[in-house]
Amino acid sequence: MTDTLSTSDLSPNNLEACWMPFTANRPFKANPRLFVSAKDMHYTTVEGRKILDGIAGMWCVNAGHCRPPIVEAVQRQVAKMDYSTAFQMGHPAQFELASRLSAILPGDIDHAFFCNSGSEAVDTALKIALAYHRVRGEGARTRLIGRERGYHGVGFGGISVGGIAPNRKFFGPLLNGVDHLPHTHNLEKNAFTKGEPGWGAHLADALEGLVTLHDASTIAAVIVEPVAGSTGVLIPPKGYLKRLREICDKHGILLIFDEVITGFGRLGASFAADYFDVLPDMITAAKGLTNGTVPMSAVFTRKGIYDTFMDAAPEGAIELFHGYTYSGHPLACAAALATLNVYRDEDLFARAHGLAGYWEDAVHGLRGTKNVIDVRNLGLVAGIEVAPRDGKPGARAADAFLKCYEKGLLVRQTGDIIALSPPLIIEKEQIDTIVSILGDVLSALD
Ligand SMILES: Cc1ncc(COP(=O)(O)O)c(C=O)c1O
């Protein structure tokens, strides 16, 4: 390839070499959408247009874009120490960060294992679950239970427990011994519910069925998103997560909450575990951990899990044969510490809680709009489901995504659902703008 990149970052002259993730590469490259800067609630495109960010980047920029305390913390850190050896060495910020996190994590969830992406956090949590049972002498507990429509990233572990068909079907037999709970989405029973739907807690009882089928002695863990995002915003039915917890407890099964999108204030509480008052054994988190600034994720475990590993391994031995070159990267730790300060200083989780009612009323204003068959919401999250076009699932929502972009609003499309998850700094007028653009776009679609 002889083409060179333009000296101006505003006009790349060759889009071909980059294979874009989860993107229709050919239409994108024929008609690219390029952001060149971002501030607070907005992106700026290469043409100089301002785009209101209705999805916090991708559920990650909870404090808004390019916040000076975070930017400056990363700049200071990169000038001071760019990288620090991750195995058998440490640096102070990783310990400070873990301690700060343990103070805001629920219950006795007080240890953090750092990774770099949500996918890595999920695979790490699944591995910890398997190893935990093994070091306790229950090595037959190797089965992992996910859920239909679940999204847990794109590692082999994550797609195995995940339940989104296109993410799985190209990639062979995946992990052995995985089974799935039914998903909880039911338009007939729950369409246009505000907040948690009343119908569906009994769907958790399917776990009892899987226990009967496989025997509890073979099951290591259940992993679910407390609120499923990537599959189109599925709010858990009232009592569903509590019921899962009870069944897991009854059978000695670990419960993992994948809080990659719900962690760090999205529901108006630190974590969904707090919001729903259900304590899992592990939480996976990423995205909002560093406000999306530097890739970082974590698995948070209850004290008993960490202690089990520490007690089982002989003195001087490595307790868990797992880790990444960039676990606890200094830049990510600097970003995360500064992010936690912004969340605290601006009381952003409480802010999200305070705005949730206004948000709920605003998005439910779309009920009755042409093409809309459901609106669902919780905290500062909403899903707007549109009727699929005959024989073309996803096409109508894909058009809506493009039309919103033309009108200056970034939303996320998944199947025939438009997902919304704005930064927690959003103002009420900006909520009105989101709803008004979406309303105009949806009613104009065929
Ligand atoms: C619930 C959940 N888990 C895992 C992931 C994967 O995170 P990443 O894309 O950082 O690997 C995501 C990403 O959206 C997610 O929503």
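Relevant structure appears above.
Residues numbered from 1 in each chain as written. Predicted model: local features only at pLDDT ≥ 70, side-chain atom pairs only at ≥ 80, totals over all residues.

Colleague: Would you mind showing me how to read the overall build of the protein here?
Modeller: On a plain count of helices and strands, the protein comes out with 16 helices and 15 strands. Each of the three principal axes of the protein carries a C-alpha extent, and together these read 65 × 55 × 50 Å. For the protein, the residues scored as buried account for 48% of the 446 residues in total. In the protein, 72% of the contacts between residues at least 6 apart in sequence involve partners at least 24 apart. (Helix = DSSP H or I, 4+ residues; strand = E, 2+ residues; numbered from the N terminus. Buried ≥ 20, exposed ≤ 12 C-beta atoms within 10 Å, placed from the backbone. Contact = placed C-beta atoms within 7 Å.)

Colleague: How should I be thinking about the site of the ligand in this particular structure?
Modeller: Neighbouring the ligand are 14 residues; Ser117, Gly118, Ser119, Gly153 and Val260 lie closest to it. Looking at the shell around the ligand, the element that brings in the most residues is helix 5 (residues 118-135), giving 3 residues. Per-class residue counts for the shell around the ligand are 5 nonpolar, 7 polar and 2 charged. (Near = placed C-beta within 6 Å. Nonpolar A, V, L, I, M, F, W, Y, C, P; charged D, E, K, R; others polar.)

Colleague: Explain the pairing of strand 10 (residues 297-302) here, please?
Modeller: Every regular strand shows the same layout, with side chains that alternate between the two sheet faces. Of all 6 residues making up strand 10, 6 are buried, and the element is well covered by its neighbours. Here strand 10 shows two buried faces, one formed by Ser297, Val299 and Thr301 and the other by Ala298, Phe300 and Arg302. Note: strand 4 (residues 109-115) against strand 10, 6 bridges, orientation antiparallel. Bridge pairing in strand 10 links Phe113 to Val299. Here strand 9 (residues 282-285) runs beside strand 10; their pairing, made up of 4 bridges, is antiparallel. Residue pairing for strand 10: Ala285 is matched across the bridge by Ala298. (Pairing = 2+ DSSP bridges.)

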